[in-house]
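# Residue-level structure breakdown
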Amino acid sequence: MARILLADDDPEYRVAFTEAMDAVGHSVAAFGTVAEALEALRTEAFDIVFLDVIMDGGGAITAIHNVRAHDPDIPVVVITGRSELIDSPLFTKGLRSADAKIAKTSTLAELSEVVRVLTKN
């Protein structure tokens, strides 16, 4: 199964995401800051990266470029729990280098499908 890197500043979402992905056989390394996630990306191998759009200290808007500089081929999924962003141009048309954009309210089946399609796992 896939080795997933998650950067999200919401501790409850990190726990829920990790437990959900573990339940379907994936392994998750979850971090509360982009800096921690990028350090892990430099020292560990991952199959896919999930980045929260807005985080203290910078979210996906800046982090996606750093992820791509490190590994241009790793799939990057941008996530948000902010309902006002889901239909915004930033989310729908921006962040063009993201491989997928999803809401944090996505079901486990939807998350699993994104991981399966983007990693072929």
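For the structure, see preceding data.
So, here is what we can say about the structure in this document. Since the model is a prediction, treat every value here as computed from it, not as a measurement. (Residues numbered from 1 in each chain as written. Predicted model: local features only at pLDDT ≥ 70, side-chain atom pairs only at ≥ 80, totals over all residues. Heavy atoms only, no water.)

We now examine the environment of Thr119. Relative to the helices and strands, Thr119 is located in helix H6 (residues 108–119). Classification of Thr119 as buried rests on a relative accessible area of 16%. A sequence separation of 44 residues divides Thr119 from Pro75, and the C-alpha atoms of the two residues are 7.3 Å apart. Not counting chain neighbours up to four residues away, the residues in contact with Thr119 comprise Ala2, Asp47 and Ile48. Separated by 2.6 Å, the side chain of Thr119 and the backbone oxygen of Val115 make a polar contact. (Helix = DSSP H or I, 4+ residues; strand = E, 2+ residues; numbered from the N terminus. Buried < 20%, exposed > 50% of the residue type's maximum accessible area, 1.4 Å probe, protein only. Contact = heavy atoms within 4.5 Å. Polar contact = N/O pair within 3.5 Å; in protein donor to acceptor, adjacent residues only side chain to side chain.)

Okay, the side chain of Lys104 next. For Lys104, the position within the fold is in the loop between strand S5 (100–103) and H6. The class for Lys104 is buried, based on a relative accessible area of 17%. Side chain to side chain, Lys104 and Asp8 meet in a polar contact 2.7 Å long. In this structure Lys104 touches Asp8, Asp10, Tyr13, Asp52, Ile79, Thr80 and Gly81, once residues within four positions along its chain are discounted.

A word on the pattern of salt bridges. Scanning the entire structure with this criterion turns up six salt bridges. The closest approach of N and O atoms between Arg3 and Glu44, which form a salt bridge, is 2.5 Å. In this pair, Arg3 is assigned in strand S1 (residues 3–7) and Glu44 in the loop between helix H2 (34–43) and strand S3 (48–52), connecting sequence segments 41 residues apart. The partly exposed category is assigned to Glu44, whose relative accessible area is 33%. A salt bridge links Glu113 to Arg116; the shortest N-O distance between them is 2.6 Å. Remark: Arg116 and Glu113 occur in helix H6; sequence separation between them is three residues, near one turn of the helix. One connected set of salt bridges, linked through shared partners, spans Asp8, Asp52 and Lys104. (Salt bridge = Lys/Arg side-chain N within 4 Å of Asp/Glu carboxyl O.)

Glancing now at the packing of aromatic side chains. Taken as a whole, this structure holds two aromatic pairs when the rule is applied. Over the ring of Tyr13 we find Lys104; its NZ or CZ atom is 4.8 Å from the centre of that ring. (Phe/Tyr/Trp six-rings, centres within 6.5 Å; stacked < 30°, edge-to-face > 60°. Lys NZ or Arg CZ within 6 Å of the ring centre and 35° of its normal.)

Turning our attention to H2. Those residues of H2 that fall on the buried side of the exposure criterion are Val34, Ala37, Leu38, Ala40 and Leu41. The arc that holds every buried residue of H2, seen down its axis, measures 160°, which confines them to one face. Seen from the open side of H2, the exposed residues pointing more than 90 degrees away from its buried face are Ala35, Arg42 and Thr43. Close packing links the buried residues of H2 with S1, strand S2 (27–31), S3 and helix H3 (60–70). (Arc of directions from axis to C-beta.)

In terms of nonpolar packing, the biggest core is built from 22 residues, with Leu5, Leu41, Val49, Leu51 and Val67 touching the most fellow members. Elements supplying a minimum of two residues to this core: S1, S2, H2, S3, H3 and strand S4 (76–80). Excluding residues that lie within four positions of it along the chain, Leu41 makes contacts with Leu5, Phe46, Val49, Val67, His70 and Ile74. Counting residues in each nonpolar core, the second largest holds 16 residues, with Ala2, Met21, Ile79 and Val114 among its members. (Core = buried A, V, L, I, M, F, W, Y, C linked by side-chain atoms within 4.5 Å.)

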